[in-house]
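Next come the chains, spelled out residue by residue.
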Amino acid sequence: MIKVTAGADAPERCSQAFTVAAVAVASGVEVSLWLTGESAWFALPGRAAEFELPHSAPLPDLIESVQAGGTITLCTQCAVRRDIGEKDVLEGVRIAGAQVFVSEIMADGVQALVY
């Protein structure tokens, strides 16, 4: 479980979260990436392409890698605050709330990282 709270407001922290998630998926780890706070914007088509951080992998590539073997969830409250609906998000991104988050982190063997 990786929860990313940062977006363009904290680009290094944001990039680290997506990088760790993509590397974990590539390593065969089951990954659930949660977009909260300012990272919520990256659930929208085209938004990741606007993100730039020197010497880091392109965010659209990292998202694609995570989606290839993991799940990406947009926080319900974060979506509502930004007027983002289910029809607005990238294909494969789900919108879910605290109940789903808690059920995922409480499963046996789950480790959670927050960026």
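Since the structure is predicted, the reported quantities are computational estimates derived from the model, not experimental observations. (Residues numbered from 1 in each chain as written. Predicted model: local features only at pLDDT ≥ 70, side-chain atom pairs only at ≥ 80, totals over all residues. Heavy atoms only, no water.)

**A closer look at the overall build of the protein chain**
Convention followed: Only DSSP runs of H or I covering at least 4 residues are called helices, and only runs of E covering at least 2 are called strands; the numbering of each starts at the N terminus. Only protein chains enter the accessibility calculation, which uses a 1.4 Å probe; a residue whose area is less than 20% of its type maximum is buried, one above 50% is exposed, and one in between is partly exposed. Calculation of accessible area relied on Shrake-Rupley with a 1.4 Å probe; when residues are assessed, cover is drawn exclusively from the protein chains displayed. Under the convention used here, Asp and Glu are negative, Lys and Arg are positive, and both His and the chain ends fall outside the count. A charged residue contributes its charge at one atom only: NZ of Lys, CZ of Arg, CG of Asp or CD of Glu.
Looking only at helices and strands, the protein chain features four helices and five strands. Reading the protein chain from its N end, one meets helices and strands in the order β-α-β-α-β-α-β-α-β. Based on the C-alpha atoms only, the size of the protein chain along its principal axes is roughly 35 × 35 × 25 Å. For the protein chain, the residues scored as buried account for 40% of the 115 residues in total. Just so you have it, the protein chain exposes about 6500 Å², and 52% of that area is on carbon and sulfur atoms. The protein chain carries 7 positive and 14 negative side-chain charges, and their two centres are separated by 8 Å.

**A closer look at helix 1 (residues 11-26)**
Worth spelling out the cut-off: One less than the residue count of a helix, multiplied by 1.5 Å, gives the span that helix is expected to have. Any two residues whose heavy atoms approach within 4.5 Å at even a single point are treated as in contact.
The terminal C-alpha atoms of helix 1, which comprises 16 residues, lie 22 Å apart, in line with the 22 Å expected from a rise of 1.5 Å per residue. Within the span of helix 1, buried status applies to Cys-14, Ser-15, Ala-17, Phe-18, Ala-21, Ala-22, Ala-24 and Val-25. Residues of helix 1 that are buried make contact with strand 1 (2-4), strand 2 (32-35) and helix 2 (59-69). Positive phi appears at Gly-28, one or two residues downstream of helix 1, with a value of about 90°.

**Structural notes on unusual backbone geometry**
Of note, the phi angle at His-55 is positive, near 65°, even though the residue is not glycine. Here His-55 shows up in the loop between strand 2 and helix 2. Despite not being glycine, Asp-83 shows a phi value in the positive range, around 60°. Positionally, Asp-83 belongs in the loop between helix 3 (76-81) and strand 4 (93-96).

**Notes on the environment of Ala-48**
Summarising the element assignment, Ala-48 is placed in the loop between strand 2 and helix 2. Ignoring any residue separated from it by four or fewer positions in sequence, one finds Ala-48 in contact with Phe-42, Leu-59, Pro-60 and Ile-63.

**What to know about the layout of surface pockets**
Left-over empty space is what a probe sized like a water molecule reveals as it rolls over the atoms. The criterion, for reference: For each structure, a 1 Å grid was placed over the protein atoms alone; sets of points admitting a 1.4 Å probe that cannot get out are labelled cavities, open sets with protein on both sides within 12 Å along at least five of seven lines are labelled pockets, and lining residues have an atom within 4 Å of a point. Grid points are joined across faces, edges and corners, and a volume is the space filled by probe spheres set on the points. Under this grouping Gly is polar, as are all residues other than the nonpolar Ala, Val, Leu, Ile, Met, Phe, Trp, Tyr, Cys and Pro and the charged Asp, Glu, Lys and Arg.
One number sums up the size of the largest pocket: a volume of about 370 Å³. Along its surface, the largest pocket is lined by 17 residues, and Met-1, Glu-30, Val-31, Val-110 and Gln-111 are the ones closest to its centre. In terms of residue class, the lining of the largest pocket is built from nine nonpolar, five polar and three charged.

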